[in-house]
Amino acid sequence: MTTPLIARTTADLRQTVATWRRAGERVALVPTMGALHPGHISLVDLGRASAGRVVTSIFVNPTQFAPNEDFSKYPRTFDADVERLGKAGCDLVFAPSPDVMYGHGFATTISLEGPARAGLEDAFRPTHFAGVATVVAKLLIQCGPDIAIFGEKDFQQLAVIARMARDLDMPVEILGAPTLREADGLAMSSRNVYLSAAERAAAPALHRVLQDCAARIARGETFESVLAQGRAEIEKAGFKLDYLELRDAASLAAPGSDPKAALRLLAAARMGATRLIDNVHARQAQES
Ligand code: PAF
């Protein structure tokens, strides 16, 4: 158990990172919005395995929530988060206020195409990825890590950030980490606390259907019939479906004709007032 340093300003963060750099240490950044669960801790573990120092940012970023979304009720558990991060061996928690992050007159946004316009999350949350990309770009500039780690649960977010880092020549390696799941398959998420007991009991169906669809694709069934049946099954399990789509895992475009390209199944659906997202491999990339 270590007690992580807490930096509230970019200057404090940079000063500590500069000390580490002078000692020749590599730095990993794990950006989060707090309300940490074991999935987040697995990202910190990956950071520790890849770099001598790990920074975790905790910032509930207002610009990635639409006015009708859950910004004000998003769970905030800062003290418990810091304790968990200490147990996980995180070295520094960067916890800026909105004023530090978006100073007076802030007027810059990253403009995105490609995976940010795939017709998945963006179709339902049209302003979301501009907010995510802008805050992640700021965090990367503020911290200057060698590696930044993001969960694969937010698969489109990971693709958007990897594209942005490549396109803007950011000197950082973007690493995706596998989704951690509860014993019944439900993907771990800070938003799972919103589910009532009955909703929680029904929620693992989303992952079950994704797995069934992936198995049927592996058996050679047509994509269209698998998706049609999968969509019906998600609705039958009590969800209101936003989308279930099969995409090229790299570009998030519709699957092309290359039978060796990796494919991913992605879904978002609402259980009561809670919106859940999940994704699974539908086909691994094959060597040619
Ligand atoms: O995935 C999240 O928790 C957030 O979107 C991120 C990457 C920390 C940006 O606010």
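Here is a short report on the structure shown in this document. (Residues numbered from 1 in each chain as written. Predicted model: local features only at pLDDT ≥ 70, side-chain atom pairs only at ≥ 80, totals over all residues. Heavy atoms only, no water.)

### Overview of the packing of helix α1 (residues 10–22) against helix α6 (residues 128–143)
Angle between the axes and distance between the axes: these two values describe a pair of packed helices. Taken N-terminus to C-terminus, the directions of α1 and α6 make an angle of 50°; their axes are 8 Å apart at the nearest point. The orientation of α1 relative to α6 falls into the category oblique. Along its contact with α1, which presents Thr10, Leu13, Arg14 and Val17, the element α6 presents Ile141, Gln142 and Cys143. Here the contact of α1 with α6 is composed, by residue class, of four nonpolar, two polar and one charged. (Axes fitted to C-alpha atoms, helices over the stretch in contact; angles between N-to-C directions. Helix = DSSP H or I, 4+ residues; strand = E, 2+ residues; numbered from the N terminus. Parallel < 35°, antiparallel > 145°, perpendicular 65-115°, else oblique. Contact = heavy atoms within 4.5 Å. Nonpolar A, V, L, I, M, F, W, Y, C, P; charged D, E, K, R; others polar.)

### Some thoughts on the nonpolar core
Membership of the largest hydrophobic core comes to 33 residues, with the highest contact counts inside it found for Leu13, Val55, Val136, Leu140 and Ile174. When residues of this core are traced back to their parent elements, those giving at least two are α1, β2 (27–32), β4 (92–94), α6, β5 (147–151) and α7 (155–167). If we ignore the near neighbours within four places in the chain, the residues touching Leu13 are Ala7, Val55, Leu92, Phe94, Gln142 and Cys143. (Core = buried A, V, L, I, M, F, W, Y, C linked by side-chain atoms within 4.5 Å. Buried < 20%, exposed > 50% of the residue type's maximum accessible area, 1.4 Å probe, protein only.)

### Brief notes about the sheet that holds strand β9 (residues 274–283)
Here three strands make up an open sheet; going across it, the order is β7-β8-β9 and the pairing antiparallel. Each end of this open sheet is capped by a strand with a single partner; those strands are β7 (240–248) and β9. Pairs of neighbouring strands in the sheet enclose a mean axial angle of 15°, with direction left out of account. Sheet topology note: the β7/strand β8 (residues 263–271) ladder contains eight bridges and is antiparallel. Bridging across to β8, Leu241 finds its partner in Ala269. Along the sheet, helix α9 (residues 205–218) makes contact with β7, β8 and β9, crossing β9 at roughly 20°. (Pairing = 2+ DSSP bridges.)

### Side note on the packing of α9 against helix α10 (residues 223–236)
Across the interface, α9 lies against α10 with an axial gap of 10 Å and an inter-helix angle of 165°. When the interaxial angle is binned, α9 and α10 end up roughly antiparallel. In the packing of α9 onto α10, the handedness of the crossing is right-handed. Touching Leu206, Val209, Asp212, Cys213, Arg216 and Ile217 of α9 are Phe223, Ser225, Val226, Gln229, Gly230, Glu233 and Ile234, all from α10. (Left-handed = near helix turned anticlockwise from the far one by under 90°.)

### Topic: unusual backbone geometry
Positive phi outside glycine occurs at Asp169, with the angle close to 55°. Counting through the fold element by element, Asp169 comes out in the loop between α7 and β6 (173–177). Given a relative accessible area of 66%, Asp169 falls into the exposed group.

### Comments concerning the packing of aromatic side chains
Applying the stated criterion across every chain, the model contains five aromatic pairs. Aromatic pair Phe59 and Tyr102: ring centres 6.1 Å apart, planes at 50°, arrangement tilted. Residue Phe59 is located in the loop between β3 (53–58) and α3 (78–87), and its partner Tyr102 is located in the loop between α4 (98–101) and α5 (121–124); the two are separated by 43 residues in the primary sequence. Overall, Tyr102 belongs to the buried group, its relative accessible area being 14%. An angle of 65° between the planes, with centres 5.4 Å apart, marks the rings of Phe65 and Phe71 as edge-to-face. (Phe/Tyr/Trp six-rings, centres within 6.5 Å; stacked < 30°, edge-to-face > 60°.)

### Topic: the site of the ligand
In the vicinity of the ligand, the residues found are Pro31, Thr32, Met33, Asn61, Gln64, Val135, Val136, Phe150 and Gln157. Gln64 has a polar side-chain atom sitting 2.6 Å from an oxygen atom of the ligand. A distance of 2.7 Å separates an oxygen atom of the ligand from a polar atom in the side chain of Gln157. Its free accessible area being 290 Å², the ligand has 89% of it covered by the protein chains. (Near = heavy atom within 4 Å. Polar contact = N/O pair within 3.5 Å; in protein donor to acceptor, adjacent residues only side chain to side chain. Areas by Shrake-Rupley, 256 points an atom, 1.4 Å probe, with all protein chains shown as cover.)

### Focus: α3
Among all positions of α3, only Asp81, Val82, Leu85 and Gly86 are buried. Buried residues of α3, viewed axially, fall in a sector of 135°; they line one side. Along α3, the residues that are exposed and aim more than 90 degrees away from the buried face are Asp79 and Lys87. Looking at the buried positions of α3, the neighbouring elements they touch are β1 (5–7), α2 (38–50), β3 and β4. (Arc of directions from axis to C-beta.)

### Topic: the side chain of Asp81
Along the chain, the position of Asp81 falls in helix α3. Comment: no salt bridge for buried Asp81; closest opposite-charge side chain is Arg84, at 5.7 Å. (Lys, Arg positive; Asp, Glu negative; His and termini not counted. Salt bridge = Lys/Arg side-chain N within 4 Å of Asp/Glu carboxyl O.)

### Observations concerning the sheet that holds β4
Read from one edge of the open sheet, six strands run β1-β4-β3-β2-β5-β6, paired in parallel fashion. Looking along the sheet, the strands with just one partner apiece sit at the ends: β1 and β6. The mean inter-strand angle of the sheet, taken between neighbouring strand axes irrespective of direction, is 25°. Of the strand pairs in this sheet, β2 and β5 are connected by two bridges, and their pairing is parallel. In the strand pairing of β5, Ala28 is matched with Ile147. Against the sheet, α1 contacts β1, β2, β3 and β4, and its axis sits at roughly 150° relative to β4. Across the sheet, α7 touches β5 and β6, and the angle it forms with β6 is around 170°.

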